[in-house]
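Below, each chain spelled out in residue letters.
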Amino acid sequence: MKVKIKKPTGGQVAIAILLLLLGILMSMQIKSVRQSNELKNLEKARAIELAEQINQLRKENVSLRQQIYDLEKKIKEYQDSAASISKTTELLKEELDKVKILAGLTDVEGPGIIITLDDSKIPAQPNVDPNSFLLHDSDILQVINELRAAGAEAIAINDQRVVSTTEIRCAGPTISINNTRYSAPYIIKAIGDPKILKNSLEMRGGIIDLLKEFSIEVKIEEASKVVIPRYTGSLKFNYAKIKSEGS
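Residues numbered from 1 in each chain as written. Predicted model: local features only at pLDDT ≥ 70, side-chain atom pairs only at ≥ 80, totals over all residues. Heavy atoms only, no water.

## A word on the overall build of the protein chain
At step 1: Scanning the protein chain from terminus to terminus reveals four helices and eight strands.
At step 2: Here the C-alpha radius of gyration of the protein chain, 53 Å, is well above what a compact globule of 247 residues would show, namely 18 Å.
At step 3: By the burial criterion, 23% of the 247 residues in the protein chain qualify as buried.
At step 4: Partitioning the intrachain contacts of the protein chain with sequence separation of at least 6 by distance along the chain shows that 75% fall at a separation of at least 24.
At step 5: Put simply, the protein chain shows about 18800 Å² of open surface, and 57% of that area lies on carbon and sulfur atoms.
At step 6: Here the protein chain carries 35 positive and 32 negative side-chain charges, and the mean point of each set is 25 Å from the other. (Helix = DSSP H or I, 4+ residues; strand = E, 2+ residues; numbered from the N terminus. Rg over C-alpha atoms; globule rule 2.2 N^0.38 Å. Buried < 20%, exposed > 50% of the residue type's maximum accessible area, 1.4 Å probe, protein only. Contact = heavy atoms within 4.5 Å. Areas by Shrake-Rupley, 256 points an atom, 1.4 Å probe, with all protein chains shown as cover. Lys, Arg positive; Asp, Glu negative; His and termini not counted. Charge placed at Lys NZ, Arg CZ, Asp CG, Glu CD.)

Written out as structure tokens, the structure is:
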């Protein structure tokens, strides 16, 4: 017995096609929703990751700022310390320069006077001691003492720097200065206030008046710049030592 299969009608085919299309659309919609959810989840995960990175960068930024602050503080402390050391060094150098000047261990220049002393040119006279018309070590010493009393800061005789150990003594017809013999004329240079130095020598009854009484030739010049060389001899102390604390 044969079973007859009914051919689908046009309406049934159309419904079947519609159902197929509907299934395809639903499948595509479901797939799109899934993709959208996956994308949202991915974006959310990415946002969380970025947020964590931002927080980490913020922490690193705070740490770096603290490091910068600490470094700037150390730099300022170093600069303050360096400035203090520089100032101390400058003060020590100034004190050292002063000591060198006082000890005569450095060349110096400044305003002052230049004194030229020479033996008398008057011919010897009978019954008069000819030595009275010659310069002596005591004459030079009196001039030096007068200059010191007037505030001379540096003195030289024939370019021999006068220091605490300088000897000025008679050596026959010459005068020994720092163990070097010189004969007249004697050129004395002194740094200080030119007018005060000159007036101290020329005051009435002073050393210059005394020298002129014996016709000793005296010439005093004020100068805006006098150059005095440093002491070139040796400074050796066999007995004097710096006093230690508590002794």
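## Remarks on the environment of isoleucine 115
At step 1: As for its position among the elements, isoleucine 115 is in strand β1 (residues 108-118).
At step 2: Of the residues examined, isoleucine 115 reaches a relative accessible area of 0% and is grouped as buried.
At step 3: Non-local contacts of isoleucine 115, meaning those with residues more than four positions away in its chain, are made with Val143, Leu147, Tyr186, Ile187, Ile188, Leu201, Lys219 and Ile220.

## Quick notes on the confidence of the model for the protein chain
At step 1: Averaged over all residues, the pLDDT of the protein chain equals 84, while 92% of them reach at least 70.
At step 2: Mean pLDDT in the protein chain bottoms out at helix α1 (residues 10-103), which sits at 79, and peaks at strand β7 (residues 186-191), which reaches 97. (pLDDT = per-residue confidence, 0-100.)

## A few points about the pairing of strand β2 (residues 154-157)
At step 1: Burial along β2 is two-sided: the residues Ala154 and Ala156 and Ile155 and Ile157 are all buried.
At step 2: Note: β2 against β7, four bridges, orientation antiparallel. By the bridge assignment for β7, isoleucine 155 is matched with alanine 190.
At step 3: Of the strand pairs in this sheet, β2 and strand β3 (residues 160-161) are connected by two bridges, and their pairing is antiparallel. Across the sheet, alanine 156 pairs through a bridge with arginine 161, a residue of β3.
At step 4: Taking the residues that link successive antiparallel strands as the turn, the β2-β3 hairpin has two residues, and the phi of asparagine 158 there is positive, at about 50°. (Pairing = 2+ DSSP bridges.)

## Considering the sheet that holds β1
At step 1: Across the sheet, which stays open at both edges, the five strands sit in the order β3-β2-β7-β1-β8 with antiparallel pairing between neighbours. Every interior strand has two partners, whereas the edge strands, β3 and β8 (217-228), have only one.
At step 2: Relative to β7, β1 runs antiparallel, the two sharing six bridges. If you follow leucine 117 over to β7, its bridge partner there is tyrosine 186.
At step 3: Packing against the sheet, helix α2 (residues 137-149) makes contact with β1, β2 and β7, and its axis sits at approximately 10° to β7.
At step 4: Packing against the sheet, helix α3 (residues 194-202) makes contact with β1, β7 and β8, and its axis sits at approximately 25° to β1. (Axes fitted to C-alpha atoms, helices over the stretch in contact; angles between N-to-C directions.)

## Some remarks on α2
At step 1: Here α2 spans 18 Å end to end across 13 residues, near enough to the 18 Å set by a 1.5 Å rise per residue.
At step 2: Considered for burial, the residues of α2 that qualify are Asp137, Asp139, Ile140, Val143, Ile144 and Leu147. The buried residues of α2 occupy one face: seen down the axis, they fall within an arc of 165°.
At step 3: Following α2 by one or two positions, glycine 151 adopts a phi angle in the positive range, close to 95°. (Expected span 1.5 Å × (residues − 1). Arc of directions from axis to C-beta.)

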